[in-house]
Amino acid sequence: MTQGACPSCGASVEFTVGSAQVVVCGHCQTMVARTGVDLESHGKVARIVETDSPLRLGLEGRVNSTSYQLVGHLQKDHGAGPWDEWFVEMSDGRSGWLSESEGAFHLLFEAGVEEGLELDALHPGDRLRLRNRPLVIEERGHGRVVAAEGQLPSDVDPTQDSYYVDATGPRGLFVTLDFGTRDRDPEMFLGQKLELSQLGIPANDLRPRVRKATLQQARCTQCNGPLELRAPDQTMRVACPYCGALLDVRDGKLAFLKLLQKPDLRADLSLGMKGTLDGVEWIVIGYQERSCVVEGTRYPWLEYLLYHPTRGFTWLMESNGHWVFLKPLAAGDADVVPQTSAHYQGRRYKAFQSVTAVTDAVVGEFYWKVFQGETARATEYVAPPYSVNEDSTDNEVTYTHGEYLTPEQVQAAFKLKEKLPAPRGIAPSQPNTRRKKLMQTLAWTGIWVVGLLALSAFLHARALNAQVLDLLVKVPRDAASGTPASMVFSEPFELTRAGNVRVQVAMTEALDNAWVGVQGDLVNQETQDVVSFYEEISYYHGRDSDGSWSEGGNSGSVFLSTVPAGKYVLRTTTSFDPNLGLQVATRGGIGYRVTLTHDTPNESWFVIALVLLLLSPGLSFIGANGFETERWKESNLQ
């Protein structure tokens, strides 16, 4: 530890951290540097201003089983309000920085100089690999130190504007490339993103949040309308809901910027409304209308800004009655092939659309310097009911992970009394409920098909399938068609039980451009009841302008439904084509064989039942496919 007197005011200063080279005098804000055993004055720096940070100098915590202490404090500004950075001394001898911005914390450690890397070659959304780590650039910006306190590793120059590039990688990896005033060879800082609860600081030690009471019940500087700010410590812009004035928030005061068009937005959720989503109660602090133009048609949507004191900010988007809950996503956690696909948490997202989104109107509070006419390139990747969304500008790219919500879910979350408008059309990430119905239908169809197969197997096993008659019929050459002379009787045969009978008729000699009809009668010898059938066999062929053709065949079959048990005789009467008359006379008559098979499985019922069973999933498939067709008709990337 080094102790001494401030060269400027004589107050006592001390260095308790071995890596600290500068300490800011708590009395006169002089930067006191140690050079060997001497202390030198290196100018003055402004005093830290109160922010909403829960941290304070001297706090101790623990991260990844290693304790640390906050020994230095910088405030930087890039023109949009200050952010806090804390110099950290670890118990294992390392030192690093804990940066704080918009409620997020990043613990970073110096990793040396990245030689050859140029600032102009790095742009938001670019993907690169450094130190064998895949990274995505999220922001390229600049800032200067405006205030400091405590012990610091080096001098700070409030007059210098330094440049930086922030990038993220998988599993919370965070990287800052600090170019300083250079345009190449940045210092690299590696670390991770942490929640406040992960800092390992006892809750009782955290500093109570500063509330800008003057802003909580402020009034518009233009119309004097009441403005109840719900996140006054983090709000940068306020759009008056009464007159449309856009106000800047700085140093606890409202400053008029410009008069926007008086807002006339149909908003289903009003400012100050609270709703529970993802297990957290959010409050609506602002909303904006954005739009894009595709092929000359304007498509507007609303984005509600939600706020929670510890979770920070998130979004709820509404378009044509469809709702999407959007949560911030580190760019490095999503593997994106631009305008093709994205992969996140083992799920593939297909590129749906890429448009230029324009901010048309704003109402309420915003944590960035929002303005009317602000543009960004918005690209959406979908895996219903989820989506990965990218908003990019020249200086920054942000990702969000979306989950589709029904109007009923939003209504229940915010306890709305009136029913929200029904959705119109199909949203990019809307789940295909018809597909879910298709899956259910397929499951039930599968069960019924298994049952049908089991029934068919049972009937096959139970069937006799016995051949009871094999009759060779020879029609005399002098017999006329359909006359008693063409009639033939079989020997008696027995059907041992009631069941169907399959009749098969096959010609003994091939037909040639002719037909033969067989009228069959099964005559019960005891009751004289008759069961009849008729089977016609024909075969024709020839040649025309399209070439050779043929139709028919030389055999046929017919099923007789349940025939009672008993002894029967088969009587056949043959009809034939008159053109066969000459053939009959010259070839010795017409011949065919009749075979009767008793109690044989009839597959026709199985086919009919199977077709009926498949009808429902077929219709469901058409409906589900139609849903997807309608969805992707709106895509401009497929």
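Structure shown above.
Below, the structure is looked at part by part. Every value quoted in this text rests on a predicted model; they were computed, and no experiment measured them.

**Digging into the overall build of the chain**
1) Next: If you tally the helices and strands in the chain, you get five helices and 41 strands.
2) Next: On C-alpha atoms alone, the chain measures out to a radius of gyration of 43 Å, which is more than a quarter above the 26 Å that the 2.2 N^0.38 rule sets for 638 residues.
3) Next: For the C-alpha atoms alone, the extent of the chain along its principal axes is close to 145 × 55 × 55 Å.
4) Next: Residues classed as buried in the chain amount to 45% of the 638 residues present.

**A short note on unusual backbone geometry**
1) Next: Of the consecutive residues P384 and P385, the connecting peptide bond is found in the cis state with omega at 10 degrees.
2) Next: Counting through the fold element by element, P385 comes out in the loop between β29 (375-383) and β30 (386-392).
3) Next: Positioned with a positive phi, S65 is a non-glycine residue whose angle comes to about 70 degrees.
4) Next: Here S65 is to be found in the loop between β6 (60-63) and β7 (66-77).
5) Next: Despite not being glycine, K415 has its phi angle at roughly 55 degrees, a positive value.

**Overview of the nonpolar core**
1) Next: F493, V503, L570, Y592, V594 and L596 are the most contacted members of the largest nonpolar core, which has 27 residues in total.
2) Next: Secondary-structure elements contributing two or more residues to this core are β32 (466-475), β34 (493-495), β35 (499-507), β36 (514-524), β37 (530-544), β39 (555-563), β40 (566-576) and β41 (590-598).
3) Next: In this structure L570 touches L469, L471, V488, F489, S490, F493, G520, D521, L522, F533, V594 and L596, once residues within four positions along its chain are discounted.

**Let's talk about the packing of aromatic side chains**
1) Next: Under the criterion given, the structure shown has 10 aromatic pairs.
2) Next: On the basis of an interplanar angle of 40 degrees and a centroid distance of 5.0 Å, the ring pair of Y307 and F313 is categorised as tilted.
3) Next: Of the residues examined, Y307 reaches a relative accessible area of 7% and is grouped as buried.
4) Next: One aromatic cluster in this structure is built from Y287, Y304 and W323.
5) Next: Sitting above the plane of the F109 ring, R94 keeps its charged end 4.3 Å from the centroid.
6) Next: Positioned over the ring face of W632 is K350, at 4.7 Å from the centre of the ring.

**Section: the sheet that holds β41**
1) Next: Pairing within the open sheet is antiparallel, and its four strands lie in the order β32-β41-β35-β39. Both edges of this open sheet fall to β32 and β39, since each of them pairs with a single strand only. Going across the sheet, the axis of each strand differs from the next one's by a mean of 15 degrees, ignoring polarity.
2) Next: As defined by bridge partners, β32 adjoins β41 across nine bridges and the pair is classed as antiparallel. Paired with A466 across the strands is H598, a residue of β41.

**Focus on the layout of surface pockets**
1) Next: Taken as a whole, the second largest pocket holds about 260 Å³ of empty space.
2) Next: In this structure, the second largest pocket is lined by 17 residues; those nearest its centre are L459, N500, D599, T600 and P601.
3) Next: Broken down by secondary-structure element, the contributors of at least two residues to the lining of the second largest pocket are α3 (433-462), β35, β39 and α5 (603-632).
4) Next: Tallied by class, the residues present in the lining of the second largest pocket amount to five nonpolar, eight polar and four charged.

**Considerations on the pattern of salt bridges**
1) Next: Overall, the coordinates contain 18 salt bridges when judged by the stated rule.
2) Next: Two residues, R311 and D278, come together in a salt bridge whose shortest N-O distance is 2.8 Å. Of this pair, R311 sits in the loop between β23 (297-308) and β24 (312-319) while D278 sits in the loop between β21 (274-277) and β22 (280-294), and the two are 33 residues apart along the sequence.
3) Next: Using a relative accessible area of 37% as the deciding quantity, one classes R311 as partly exposed.

**Section: the pairing of β35**
1) Next: Bridging between β35 and β39 involves seven bridges; their strand directions are antiparallel. Following the sheet pairing, R502 is matched in β39 by F559.

**Examining the environment of T35**
1) Next: Along the chain, T35 turns up in strand β4 (residues 30-35).
2) Next: For T35, a relative accessible area of 35% translates into the label partly exposed.
3) Next: Along the chain, T35 and M273 lie 238 residues apart, while their C-alpha atoms are 58 Å from each other.
4) Next: A distance of 3.4 Å separates the side chain of T35 from the side chain of E40, its partner in a polar contact.

**Some words on a nonpolar patch on the surface**
1) Next: Together, I608, L612, L615, L619, F621 and I622 line one region of the surface with nonpolar side chains, adding up to about 660 Å² of accessible area.
2) Next: Residue placement: L619 occurs in helix α5.
3) Next: Note on L619: relative accessible area 55%, which makes it exposed.

**Digging into the environment of C25**
1) Next: Checked against the element boundaries, C25 lands in the loop between β3 (22-24) and β4.
2) Next: Accessibility expressed as a relative area gives 0% for C25, which makes it buried.
3) Next: When neighbours within four sequence positions are excluded, C25 is seen to be in contact with C6, C9, A11, V13 and T30.

**A few points about the packing of α3 against α5**
1) Next: For the pair α3 and α5, interaxial distance at closest approach is 9 Å and the crossing angle is 170 degrees. Judged by the angle between their axes, α3 and α5 are roughly antiparallel.
2) Next: Considered class by class, the residues forming the contact of α3 with α5 number 18 nonpolar, eight polar and four charged.

Rules used throughout
Residues numbered from 1 in each chain as written. Predicted model: local features only at pLDDT ≥ 70, side-chain atom pairs only at ≥ 80, totals over all residues. Heavy atoms only, no water. Helix = DSSP H or I, 4+ residues; strand = E, 2+ residues; numbered from the N terminus. Rg over C-alpha atoms; globule rule 2.2 N^0.38 Å. Buried < 20%, exposed > 50% of the residue type's maximum accessible area, 1.4 Å probe, protein only. Core = buried A, V, L, I, M, F, W, Y, C linked by side-chain atoms within 4.5 Å. Contact = heavy atoms within 4.5 Å. Phe/Tyr/Trp six-rings, centres within 6.5 Å; stacked < 30°, edge-to-face > 60°. Lys NZ or Arg CZ within 6 Å of the ring centre and 35° of its normal. Pairing = 2+ DSSP bridges. Axes fitted to C-alpha atoms, helices over the stretch in contact; angles between N-to-C directions. 1 Å grid on protein atoms, 1.4 Å probe; cavity = no way out; pocket = protein on both sides within 12 Å on 5 of 7 lines; lining within 4 Å. Points joined across faces, edges and corners; volume = space filled by probe spheres on them. Nonpolar A, V, L, I, M, F, W, Y, C, P; charged D, E, K, R; others polar. Salt bridge = Lys/Arg side-chain N within 4 Å of Asp/Glu carboxyl O. Polar contact = N/O pair within 3.5 Å; in protein donor to acceptor, adjacent residues only side chain to side chain. Patch = residues over 30% accessible without salt bridge, like charges linked within 9 Å, V, L, I, M, F, W, Y side chains within 5 Å. Areas by Shrake-Rupley, 256 points an atom, 1.4 Å probe, with all protein chains shown as cover. Parallel < 35°, antiparallel > 145°, perpendicular 65-115°, else oblique.

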